[in-house]
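# Coordinates in review
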Amino acid sequence: MDLDNEVNEIIDELGVSIIETPRLDSDAKYIPLADTIVIDRRLPDRIKLLRLLHELGHAAKHKRNYVLYRRTFALHSKMENEAEEFMIEKMLEATLNNPEFDPGSFNYVNFLESYEIELRYEPFVKQFMTKYLVGPNSDYIFF
């Protein structure tokens, strides 16, 4: 399944509405009370997809505890990190499901850099890929 289809399935499962707007003070926002994601339509499609996945992470993980988001810096940071990891996980799943994917040539730093994701998520990518590749296919150790 490709990433666009995966995103559409997540949107359907969560029942989230998506609104594109001509101007927004950030790339995208999840509005829990309206169960809506607002995204800046000026973004390139690739970035729009990444921001949408991030906001879907908030919808999937934080819908019921959104009041905590602004309560403390620690809770805000934790929720942002969880949404980012949700996005990365979905992107990695799409990578693994790509018939042209070669586990022997996977490079986690290249993956992160290609999506302009902070390198601090390197351990998360390693852990995810280890879970899916190293166990059943011990020939593919890539770090």
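Check the entry above for the structure.
Here is a short report on the structure shown in this document.

Quick notes on the rules
Residues numbered from 1 in each chain as written. Predicted model: local features only at pLDDT ≥ 70, side-chain atom pairs only at ≥ 80, totals over all residues. Heavy atoms only, no water. Buried < 20%, exposed > 50% of the residue type's maximum accessible area, 1.4 Å probe, protein only. Helix = DSSP H or I, 4+ residues; strand = E, 2+ residues; numbered from the N terminus. Pairing = 2+ DSSP bridges. Axes fitted to C-alpha atoms, helices over the stretch in contact; angles between N-to-C directions. Contact = heavy atoms within 4.5 Å. Parallel < 35°, antiparallel > 145°, perpendicular 65-115°, else oblique. Left-handed = near helix turned anticlockwise from the far one by under 90°. Core = buried A, V, L, I, M, F, W, Y, C linked by side-chain atoms within 4.5 Å. Phe/Tyr/Trp six-rings, centres within 6.5 Å; stacked < 30°, edge-to-face > 60°.

## Digging into the pairing of strand β3 (residues 36–40)
- Burial runs high along β3: five of the five residues are buried.
- Neither face of β3 is open: one carries T36, V38 and D40, the other I37 and I39, and all of them are buried.
- Strand direction decides the pairing type here: strand β1 (residues 17–21) and β3, joined by five bridges, are parallel. Bridged to S17 within β3 is T36.
- Judged from the four bridges that link them, strand β2 (residues 28–31) and β3 form a sheet pairing that is antiparallel. Across the sheet, Y30 pairs through a bridge with I37, a residue of β3.
- Between β2 and β3, which pair antiparallel and follow one another directly, the connecting turn spans four residues, one of which, D35, has a positive phi of 50 degrees.

## Remarks on the sheet that holds β1
- Spatial strand order, β1-β3-β2: three strands in an open sheet with mixed pairing. Only two strands of the sheet have a single partner each, and these edge strands are β1 and β2. With strand direction ignored, the average angle separating the axes of adjacent strands in the sheet is 20 degrees.
- Where helix α2 (residues 45–62) meets the sheet, its contacts fall on β1, β2 and β3, and the angle it forms with β3 comes to roughly 155 degrees.

## A few points about the packing of α2 against helix α3 (residues 73–97)
- Contact geometry of α2 with α3 gives a least axis separation of 8 Å together with a crossing angle of 120 degrees. Judged by the angle between their axes, α2 and α3 are oblique. The way α2 lies across α3 gives a crossing that is right-handed. Counting all contacts with α2, which are made through L50, L53, H54, L56, G57, H58, A60, K61 and H62, the residues of α3 involved are M79, E80, E82, A83, E84, F86, M87, K90 and M91.

## Quick word on the nonpolar core
- The biggest cluster of nonpolar side chains holds 35 residues, and the ones touching the most others in it are I88 and V125.
- Elements with a contribution of two residues or more to this core: α1 (3–14), β2, β3, α2, α3, α4 (108–114) and α5 (122–134).
- Here this core takes seven residues from α2, the largest share from any one element.

## Some details on the packing of aromatic side chains
- Tallied over the full model, the rule gives four aromatic pairs.
- Seen in terms of ring centroids, F101 and F106 are 6.0 Å apart; in terms of plane orientation they differ by 70 degrees. Their pairing is edge-to-face. Assigned by exposure class, F101 and F106 land together as buried.

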